[in-house]
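Overview (structure and organization)
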Amino acid sequence: MVTTLAVISTLFILLSVLPFIQHQHWVFRVAEFIKIQLVILQIIAFGITMIYVEDSIWLWIVQTVQFVLIVYHIYILMRYTKFWKKQKPSKASSSSDKIKIISCNIYQFNSEYHRFIELIEQEQPDIFVTMESNADWEKALHPLEKDYPHQKKVALENTYGMHLYTKLKVHNIQTHYFVADDVPSIEAELETNDGHRFVFFAVHPPPPSPTEEDNSKERDGDLLAVAKKVRDYALPVVVTGDFNNVAWARSSILFKKTSELIDARIGRGILSTFHAKYWFFRVPLDLLFHSTTIIIDKLFIYPSVGSDHFPIGCTFHIDVESDEQEEEVKHLENGEMQEVNEFIADGKAEESENR
């Protein structure tokens, strides 16, 4: 029993330590996704092992390391819960009307089109964006165009198609291919009904995994290219989509620092969006970042629409005079911009064999 507990605890310690190794192979990056599940398993293993710890000096050592890692995981995850104190900015009279967005990786092979369409018809967001949407999905979404006169359609059959629909006035809308010519991002400059302009960015980079990309080079390069692009925008910015990343990963932290945007999840909940069918393996892959003049009212997830992702929804308003969130902005430290540029260069140089 002592040997079994030692092996299990050592495995959990290894999984906890792997993400500290800054290598982009999926073996080192996948462990970042399961931090929530890992800390639960570590706490259980720690509790059981305490019964037998007196029988082994080795177990004392393992338990000490395990305890330190449990504390570390809880410290990181706490900020993504409602227990983390976050002061909500007051709404000024000069603020925009409320804006609602829905973002969803609808899963290309999901043929239950009506479930997502019914969600849009019921919620009536000002903007909605789909990831993994192909020609079949584009055809299925056509009836919604009567309510959403402005669209950007990028129908692909490689699970990286993307469609954006909006009721708002469009000043400019374009598709970017930052690291590969088959992985799009959509950028739109929009205007609310009461005259507030902002930039909306939708992203969906490829994940590092044994079934998709061998490493995170394209993902990291794509996201950081977006971050560099928006960092100097004068207009308010919202970036959302299926990041195929978790907010506590090194590349997400670099994204936040480079873009100088705020992670909307902090203080609002972990809000795991994937995998919709397996509750214990759920992780928050669909993220949302925003500039300081974007005031988030609510951030939430919707029930399943037949995809492996839950749709994520957000309501916010714009207050260009607000400076109450400035202290939440994180900035790059010495040498980190060079690291960002290297990530982007590596992402562009990477050639995928899986799409």
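Residues numbered from 1 in each chain as written. Predicted model: local features only at pLDDT ≥ 70, side-chain atom pairs only at ≥ 80, totals over all residues. Heavy atoms only, no water.

**Focus on the overall build of the protein chain**
Operational definition: Every helix listed is a DSSP run of H or I at least four residues long, and every strand listed is a run of E at least two residues long, numbered separately from the N terminus. All radius of gyration figures rest on C-alpha atoms, and the globule criterion is 2.2 Å times the number of residues raised to 0.38. Partly exposed residues are those whose accessible area sits between 20% and 50% of the maximum for their type, while under 20% is buried and over 50% is exposed, using a 1.4 Å probe and protein chains only. Any pair of residues with heavy atoms lying within 4.5 Å of one another is described as a contacting pair.
Assigned secondary structure in the protein chain consists of nine helices and twelve strands. For 355 residues, the compact-globule estimate of 2.2 N^0.38 gives 20 Å, and the C-alpha radius of gyration of the protein chain, at 21 Å, lies within 12% of that figure. Reported as C-alpha extents along the three principal axes, the dimensions of the protein chain are approximately 70 × 45 × 40 Å. Counting all 355 residues of the protein chain, 55% fall into the buried class. Pairs at least 24 residues apart make up 69% of the contacts formed inside the protein chain by residues separated by at least 6 positions.

**Notes on helix H7 (residues 217–230)**
The condition is simple: Here a helix's expected span is defined as the number of its residues, less one, multiplied by 1.5 Å.
The terminal C-alpha atoms of H7 lie 20 Å apart, and with 14 residues this matches the ideal 20 Å at 1.5 Å per residue to within 8%. Most of H7 is tucked away: eleven of the 14 residues are buried. Within the span of H7, buried status applies to Glu218, Arg219, Asp220, Gly221, Asp222, Leu223, Leu224, Ala225, Val226, Ala227 and Val230. Where the residues of H7 are buried, they touch helix H2 (26–33), strand E6 (185–191), strand E7 (197–203), strand E8 (237–242), helix H8 (250–259) and helix H9 (336–349).

**What to know about the packing of helix H1 (residues 2–17) against helix H4 (residues 57–78)**
What counts here: Between N-to-C directions, angles cover 0 to 180 degrees, with each direction set by a line fitted to C-alpha atoms, over the stretch in contact for helices. Crossings are sorted by hand: turned counterclockwise from the far helix by less than a right angle, the near helix makes the crossing left-handed, and turned clockwise it makes it right-handed. Residue polarity is assigned by list, with Asp, Glu, Lys and Arg as charged and Ala, Val, Leu, Ile, Met, Phe, Trp, Tyr, Cys and Pro as nonpolar; anything else, Gly included, falls into the polar class.
Interhelical geometry of H1 versus H4 gives an angle of 35 degrees and a closest axis separation of 10 Å. Classified by chirality, the crossing of H4 by H1 is left-handed. Note on element contacts: H4 touches H1 through Trp58, Leu59, Val62, Val65, Gln66, Leu69 and His73, opposite Val2, Ala6, Ser9, Thr10, Phe12, Ile13, Ser16 and Val17. Looking at the contact of H1 with H4 residue by residue, the classes come out as ten nonpolar, five polar and no charged.

**Quick look at the pattern of salt bridges**
One side chain can pair with another of opposite charge once the charged atoms of both are near each other. Operational definition: Think of a salt bridge as a Lys or Arg side-chain nitrogen and an Asp or Glu carboxyl oxygen that are within 4 Å of each other.
Overall, the coordinates contain twelve salt bridges when judged by the stated rule. In this structure, Arg219 and Asp220 form a salt bridge, with 3.0 Å as the shortest nitrogen-oxygen distance. The pair formed by Arg219 and Asp220 is uniform in burial state, with each residue classed as buried. The structure contains a network of salt bridges with shared partners spanning Arg250, Lys257, Glu333, Glu336 and Glu339.

**Observations concerning the UniProt feature "domain: Endonuclease/exonuclease/phosphatase" (unreviewed entry) in the protein chain**
Selection rule: UniProt positions are given in the numbering used here, feature names are shortened, and annotations may be inferred rather than shown by experiment.
The feature "domain: Endonuclease/exonuclease/phosphatase" (unreviewed entry), as annotated in UniProt, sits at residues 103–309 in this numbering. Helix makes up 20% of residues 103–309 and strand 29%, with an end-to-end C-alpha separation of 10 Å.

**Describing the sheet that holds strand E3 (residues 150–154)**
Defined as follows: Should DSSP find at least two bridges between two strands, the strands are regarded as paired.
Sheet architecture is open: six strands sit in the order E3-E4-E2-E1-E12-E11, paired in mixed fashion. Two strands close off the open sheet at either side, each with one partner strand: E3 and strand E11 (294–301). Looking at each pair of strands side by side, their axes are set apart by 10 degrees on average, direction ignored. Running over the sheet, helix H5 (residues 113–123) touches strand E1 (99–105) and strand E2 (127–131) and is turned about 175 degrees from E1.

**Section: the UniProt feature "transmembrane region" (unreviewed entry) in the protein chain**
With numbering matched to this structure, UniProt assigns "transmembrane region" (unreviewed entry) to residues 6–21, 33–52 and 58–78. Taken as a whole, residues 33–52 contains 80% helix and 0% strand, while its terminal C-alpha atoms sit 30 Å from one another. Regarding residues 58–78, the helix share stands at 100% and the strand share at 0%, and the terminal C-alpha atoms are separated by 30 Å.

**Quick word on the domain arrangement of the protein chain**
To keep things clear, this is the line we draw: Each domain span listed reflects an automatic or database assignment of domains. Simply put, the buried area is the total loss of 1.4 Å probe accessible area from both parts when two parts are fitted together.
Partitioning the protein chain into structural domains gives domain 1 (1–80) and domain 2 (97–343). One C-alpha centre belongs to domain 1, the other to domain 2; they are set 32 Å apart. On the side of domain 2, 31 residues touch domain 1, which itself brings 16 residues to the contact. Of the roughly 1900 Å² buried where domain 1 meets domain 2, counting both sides, 66% is carbon and sulfur surface.

**Some remarks on the state of the cysteines**
Basically, it comes down to this: Count a disulfide wherever a pair of cysteine sulfur atoms falls within 2.5 Å.
Scanning all chains against the criterion turns up zero disulfides. Free cysteine Cys104: the closest other cysteine sulfur is in Cys314, separated by 15 Å. Looking at Cys104, the relative accessible area reads 0%, which means it is buried. A relative accessible area of 1% places Cys314 in the buried class.

**Points about the side chain of His163**
Mapping His163 onto the fold places it in strand E4 (residues 162–166). Leave out the neighbours within four places in its chain, and His163 touches Phe128, Val129, Thr130, Ser133, Asn134, Glu138, Lys152, Lys153, Val154, Ala155 and Ile186.

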